[in-house]
Amino acid sequence: CAGHGTCVGSSGGDGSCVCDVGWRGPTCALECPALTTAGHPCSGHGECGPDARCTCHASRAQGHWAPPACATCVEGWLGPGCNRTCPTGFNSTKLCGGYGRCDPATETCDCW
């Protein structure tokens, strides 16, 4: 099991691997990205799939995190939990009304 899991075959098992936390694949050779010190893959903001790729959280409750490691906010989302947005313009769905960029430090628009 590539040194990252336990073989279920020594006592009548089928020879498959049970992977350690943060490892995936049939032989536990695929490492999940961005394992936290608490043992949570994907920076603690997503789930590690069987292919060791992160599926990042994408909700206001859990934040909107960007792949590949779910360590930064998806464009348009900000704050420590990636659950806030910069304002949109009047009668517009675009951030800053399409006439500026969002400053994540101040959570305001820098207009062009």
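Note that the structure is a prediction, hence the values are computed from the model and not measured. (Residues numbered from 1 in each chain as written. Predicted model: local features only at pLDDT ≥ 70, side-chain atom pairs only at ≥ 80, totals over all residues. Heavy atoms only, no water.)

K.L.:
Residue-level account of the layout of surface pockets, with values.
P.N.:
The volume enclosed by the largest pocket comes to roughly 180 Å³. Lining the largest pocket are Cys73, Val74, Glu75, Gly76, Trp77, Leu78, Leu95, Arg101, Cys102 and Pro104. Contributions of two or more residues to the lining of the largest pocket are made by strand 10 (77-78) and strand 12 (100-103). Of the residues contributing to the lining of the largest pocket, the split by class is seven nonpolar, one polar and two charged. (1 Å grid on protein atoms, 1.4 Å probe; cavity = no way out; pocket = protein on both sides within 12 Å on 5 of 7 lines; lining within 4 Å. Points joined across faces, edges and corners; volume = space filled by probe spheres on them. Helix = DSSP H or I, 4+ residues; strand = E, 2+ residues; numbered from the N terminus. Nonpolar A, V, L, I, M, F, W, Y, C, P; charged D, E, K, R; others polar.)

K.L.:
Any chance you could break down the sheet that holds strand 7 (residues 58-59) for me, citing the residues and the numbers?
P.N.:
With antiparallel pairing, three strands are arranged side by side in an open sheet as 7-8-9. Pairing within the sheet leaves two strands with one partner each, and these edge strands are strand 7 and strand 9 (72-73). By the bridge criterion, two bridges tie strand 7 to strand 8 (residues 63-66) in an arrangement that is antiparallel. Residue pairing in the sheet places Ala58 in a bridge with His64 of strand 8. (Pairing = 2+ DSSP bridges.)

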